[in-house]
Amino acid sequence: MRTVAIQLPETVFSALRKNPEEFVQEMRIAAAVKWYELGEISQAKAAEISGLTRAEFINALARYQVDFMQYTAQELAEELMNVD
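Read on for an overview of the structure. (Residues numbered from 1 in each chain as written. Predicted model: local features only at pLDDT ≥ 70, side-chain atom pairs only at ≥ 80, totals over all residues. Heavy atoms only, no water.)

1. Details of the overall build of the chain
Stated precisely, the cut-off is as follows: Counting from the N terminus, the helices are DSSP H or I runs at least four residues long and the strands are E runs at least two residues long. A simple rule labels every residue: compare its accessible area, found with a 1.4 Å probe on the protein chains alone, to the largest value its type can have, and call it buried under 20%, exposed over 50%, or partly exposed in between. In what follows, a contact means two residues having at least one pair of non-hydrogen atoms within 4.5 Å. Calculation of accessible area relied on Shrake-Rupley with a 1.4 Å probe; when residues are assessed, cover is drawn exclusively from the protein chains displayed.
The secondary structure content of the chain amounts to four helices and zero strands. Its helices and strands taken in sequence order, the chain reads α-α-α-α from the N to the C terminus. Its C-alpha atoms give the chain principal-axis dimensions of roughly 45 × 30 × 20 Å. Counting only residues that meet the buried cut, the chain has 19% of its 84 residues in that class. Here the analysis covers contacts within the chain between residues at least 6 apart in sequence; of these, 35% occur between residues at least 24 apart. By element, 56% of the accessible surface of the chain is carried by carbon and sulfur atoms, the whole surface being about 6,600 Å².

2. Looking at helix 1 (residues 20-37)
To keep things clear, this is the line we draw: Expected helix span is computed as 1.5 Å times (number of residues minus one). Any pair of N or O atoms that falls within 3.5 Å is considered a polar contact. Within protein, one atom must be able to donate a hydrogen and the other to accept it, and sequence-neighbouring residues count only if both atoms are side-chain atoms.
Along its 18 residues, helix 1 runs 25 Å from first to last C-alpha, staying within 8% of the 26 Å computed at 1.5 Å per residue. If you follow the buried residues of helix 1, they end up packed against helix 2 (43-50) and helix 3 (54-63). Between the side-chain oxygen at the start of helix 1 and the backbone nitrogen of Glu21 there is a gap of 3.0 Å, and the oxygen is on Asn19. One or two positions beyond helix 1, positive phi appears at Gly39, with a value near 80°.

3. Comments concerning the pattern of salt bridges
For the record, the criterion: What makes a salt bridge here is a side-chain nitrogen of Lys or Arg within 4 Å of a carboxyl oxygen of Asp or Glu, nothing more.
Applying the stated criterion across every chain, the model contains three salt bridges. A salt bridge links Glu26 to Arg63; its shortest N-O distance comes to 3.0 Å. Here Arg63 lies in helix 3 and Glu26 lies in helix 1, a separation of 37 residues in the sequence. Glu26 gets classed as buried once you look at its relative accessible area, which sits at 13%. Here Lys45 and Glu48 are joined by a salt bridge, their closest N and O atoms 3.0 Å apart. In this pair, Lys45 and Glu48 are both assigned in helix 2, three residues apart and thus about one turn of the helix distant. Lys45 sits in the partly exposed class, given a relative accessible area of 38%.

4. So, a nonpolar patch on the surface
Selection rule: The patches described consist of residues with a relative accessible area above 30% and no salt bridge, like charges being joined within 9 Å and nonpolar side chains (Val, Leu, Ile, Met, Phe, Trp, Tyr) within 5 Å.
Residues Ile58, Phe68, Met69, Leu76, Leu80 and Val83 make up a contiguous nonpolar surface patch of about 520 Å² in total accessible area. Position of Val83 relative to the elements: it lies in the segment after helix 4 (73-81).

5. Considering the nonpolar core
For clarity, the cut-off: Throughout, nonpolar core names a set of buried Ala, Val, Leu, Ile, Met, Phe, Trp, Tyr and Cys residues whose side chains join them through atoms within 4.5 Å.
Counting residues in each nonpolar core, the largest one holds 11 residues, listed as Ile29, Ala32, Val33, Tyr36, Ile41, Ala46, Ala47, Phe57, Ala60, Leu61 and Val66. Those elements giving two or more residues to this core turn out to be helix 1, helix 2 and helix 3. Counting residues per element, this core draws most heavily on helix 1, which supplies four residues. Those residues within four positions of Ala60 in sequence are excluded, and the remaining contacts are Ile29 and Leu52.

Below, the structure is given as structure tokens:
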């Protein structure tokens, strides 16, 4: 796994009342949720980016009030064909 350094002002952590590690985790989730909502990434990739399981990511979508179904009819059919 690659580590990326992000510089943030000390004052930002109080915005969400989180310590730096929790804040960064929440940033990962928020970014993944938004990119998923925009159709930029798949649900599986979003879960990977956020550091969550797919089920946990679906729960995060609910917390952010984003519909978990972002599939077109064709994408849904392809997804169902790949179910084991």
